[in-house]
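Residue-level structural notes
What follows is each chain in one-letter form.
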Amino acid sequence: MKRRRLGTSPAARAAQYVAVICYLVFLGFPLLWLISSSLKSPQEFASMTPSILPKHPNLSNFTDALEEQGLVRSMWNSLQISVASTVLVLVVSLPVAYALARFRSRLRPLTNGWILVSQVFPVILIVIPLFMILRPLHLTNTIPGVVIVYMVWSMPFALWMLQGYVAAVPRELEEAASVDGASRVRTIVSIVMPLLRPGLIATAMFTFISAWNEFFFALVLLQDPELKTLPLVLARFVGAEGQVQFGPLAAASVLATVPSLVFFAFLQRRLTSGLLSGAVKG
């Protein structure tokens, strides 16, 4: 007698589809509301009966947002900082994660423990000592200084992610390459790195989004208006007395979301393409 597999009945499949649809609606509704709000007029915001879709859509909010001083320049600043910090995190984290995963040492448990403990510290406790360290080095109010801070802040989580991906790579592949005469560097480049492509892409996504959305470090370290990042400029749409320019703020937020979506769309197709590509290389 054949046993019926769990989840193959029509009722179970229907429940799965309903759950997926509900999840997609849950994720997509904030973005839909943001786009809808960016197309609404001030009169619609003041209405007592708000609607999901704008009654008279227009692009005036985007015009007002682009006229805000420094919006485009701040997007460029955020893009430079996010890309630079992402590249540095990957370059530094990969060899360290490989060493932690492959080489046994008495310091390994302490290192892993420190990686976890470092994520517990509140930002407010380290921002003042960090400012005092960077100021004598003339790295405050500079883009390189912010890049270094973002890199250091994202490094522990990146190490934790990449260490798990390296540990999942079978040692037999490296041993086989070593038997064939490949050096350790050649083995890492030709065998290990292609297998780590999903982990590298996931780490790059996390680092980029974290740097793109970061607010507090940039608020403390950057004083020059020409160096302000995008989150700092978005905060200008909230007045000193708490009056919010809802339309321009929604339009600016939509513009701020586009680079993240483009970055994710560019990398997500490569997220799983390297799972087994390294195993066939010599």
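The model shown is predicted, which means the values in this text are computed figures rather than measured ones. (Residues numbered from 1 in each chain as written. Predicted model: local features only at pLDDT ≥ 70, side-chain atom pairs only at ≥ 80, totals over all residues. Heavy atoms only, no water.)

Considerations on the overall build of the protein
Put simply, the test is: Per the convention used, a helix needs a DSSP run of H or I reaching at least four residues, while a strand needs a run of E reaching at least two, with both numbered from the N terminus. Between the two quantities, the radius of gyration covers C-alpha atoms and the globule rule is 2.2 Å times the number of residues to the power 0.38. Here the term buried applies to any residue with accessible area under 20% of the maximum for its type, exposed to any over 50%, and partly exposed to those in between, with areas from a 1.4 Å probe on protein chains only. Contacts are residue-level and defined by heavy atoms, with any inter-residue pair within 4.5 Å sufficient. Here Asp and Glu are counted as negative and Lys and Arg as positive; His is not counted, and neither are the chain ends. Here the site of a charge means atom NZ of a Lys, CZ of an Arg, CG of an Asp or CD of a Glu.
Scanning the protein for helices and strands turns up 13 helices and zero strands. Traced from its N-terminal end to its C-terminal end, the protein shows the element sequence α-α-α-α-α-α-α-α-α-α-α-α-α. At 24 Å, the protein has a C-alpha radius of gyration far larger than the 19 Å of a compact globule built from 282 residues. Counting over 282 residues, the protein shows a buried share of 35%. Looking at the protein alone, contacts between residues at least 24 apart form 73% of all its contacts between residues at least 6 apart. Across the protein, the centroid of the 22 positively charged side chains sits 17 Å from that of the 12 negatively charged ones.

Notes on the packing of aromatic side chains
Inclusion rule: Stacked, tilted and edge-to-face pairs are distinguished by plane angle, under 30 degrees for stacked and over 60 for edge-to-face with tilted covering the rest, among Phe, Tyr and Trp rings (Trp via its six-membered ring) whose centres lie within 6.5 Å.
Under the defined criterion, the tally for this structure stands at five aromatic pairs. Measuring from centroid to centroid gives 5.5 Å for Trp-153 and Phe-217, while their planes differ by 70 degrees, and the two rings are edge-to-face. Residue Trp-153 is found in helix H7 (residues 143-168), and its partner Phe-217 is found in helix H11 (residues 216-221); the two are separated by 64 residues along the sequence. Given the relative accessible area of 28%, Trp-153 is considered partly exposed. Judged by relative accessible area, which is 2%, Phe-217 ranks as buried. Their ring planes at 15 degrees and their centres at 5.9 Å tell us that Phe-208 and Trp-212 sit as a pair that is stacked. A residue pair is termed a helical-turn pair when its members lie 3 or 4 positions apart in one helix, as Phe-208 and Trp-212 do in helix H10 (residues 197-213) at four residues. Of the two residues, Phe-208 and Trp-212, both sit in the buried class.

Let's talk about the side chain of Gln-163
For Gln-163, the location among the structural elements is in helix H7. A relative accessible area of 7% places Gln-163 in the buried class. Apart from the residues lying within four places of it in its own chain, the contact partners of Gln-163 are Ala-97, Leu-100, Ala-101, Arg-108 and Asn-112.

Things to note about the nonpolar core
For soluble globular proteins, nonpolar side chains are generally found buried alongside one another. What counts, and what does not: Here, nonpolar core refers to any group of buried Ala, Val, Leu, Ile, Met, Phe, Trp, Tyr and Cys residues whose side-chain atoms link them within 4.5 Å.
Ranked by internal contacts, the top residues of the largest apolar core, which has 18 residues, are Leu-159, Val-166, Leu-196 and Leu-200. Every element with two or more residues in this core is listed here: helix H4 (71-102), H7 and helix H9 (184-195). When near neighbours in sequence (up to four residues on either side) are disregarded, Leu-200 contacts Leu-90, Leu-94, Leu-162 and Met-193. Ala-211, Phe-217, Ala-218 and Leu-232 belong to the second largest nonpolar core, which has 15 residues in total.

What about the environment of Met-155?
You can see Met-155 is positioned in helix H7. What makes Met-155 buried here is its relative accessible area of 12%. Between the C-alpha atoms of Met-155 and Ser-253, which are 98 residues apart in sequence, the distance is 27 Å. Apart from the residues within four sequence positions on either side, Met-155 is in contact with Val-89, Val-92 and Ser-93.

Brief notes about the side chain of Ser-85
Quick note on the threshold: Distance and chemistry together define a polar contact, namely a pair of N or O atoms within 3.5 Å, with one atom able to donate a hydrogen and the other to accept it when in protein, and with adjacent residues in sequence counting only for side-chain atoms on both sides.
Among the secondary structure elements, Ser-85 is positioned in helix H4. A polar contact of 3.0 Å, which involves the side chain of Ser-85, links it to the backbone oxygen of Ser-82. The contact partners of Ser-85, leaving out residues within four places of it in the chain, are Val-147, Tyr-150, Met-151, Thr-207 and Ala-211.

A look at the confidence of the model for the protein
To be explicit about the condition: Values of pLDDT, ranging from 0 to 100, describe the predictor's confidence in every residue of the model.
Looking at the protein as a whole, the pLDDT averages 81, with 90% of positions reaching at least 70. Note that residues 274-282 has pLDDT below 50 and, in this model, 21 contacts with residues that lie over four places away or in other chains.

Focus on H10
As a reminder of what qualifies: Expected helix span is taken as 1.5 Å per residue step, with the number of steps being one fewer than the number of residues.
For H10, built from 17 residues, the straight-helix expectation of 24 Å at 1.5 Å per residue is met to within 8% by its first-to-last C-alpha distance of 24 Å. Of all 17 residues making up H10, twelve are buried, and the element is well covered by its neighbours. When we look at burial in H10, the residues that qualify are Pro-198, Gly-199, Leu-200, Ile-201, Ala-202, Thr-203, Ala-204, Met-205, Thr-207, Phe-208, Ala-211 and Trp-212. Its buried side turned inward, H10 meets H4, H7, H9, helix H12 (230-234) and helix H13 (246-268).

Thoughts on unusual backbone geometry
With a phi close to 60 degrees, His-138 is a non-glycine residue in the positive phi region. Relative to the assigned elements, His-138 resides in the loop between helix H6 (123-134) and H7.

Some remarks on the packing of H4 against H7
For the record, the criterion: Note on definitions: angles span 0 to 180 degrees between N-to-C directions of axes, and those axes are lines fitted to C-alpha atoms, for helices only across the stretch in contact. Our angle categories are set so that under 35 degrees counts as roughly parallel, over 145 as roughly antiparallel, 65 to 115 as roughly perpendicular, and the remainder as oblique. In a left-handed crossing the near helix is turned counterclockwise from the far helix by less than a right angle, and in a right-handed crossing that turn is clockwise. Gly is placed with the polar residues, together with every amino acid not listed as nonpolar (Ala, Val, Leu, Ile, Met, Phe, Trp, Tyr, Cys and Pro) or charged (Asp, Glu, Lys and Arg).
Across the interface, H4 lies against H7 with an axial gap of 6 Å and an inter-helix angle of 40 degrees. Considering their axes alone, H4 and H7 lie oblique with respect to each other. Note that H4 runs across H7; the crossing there is right-handed. A breakdown of the residues in the contact of H4 with H7 according to their chemical character gives 22 nonpolar, six polar and one charged.

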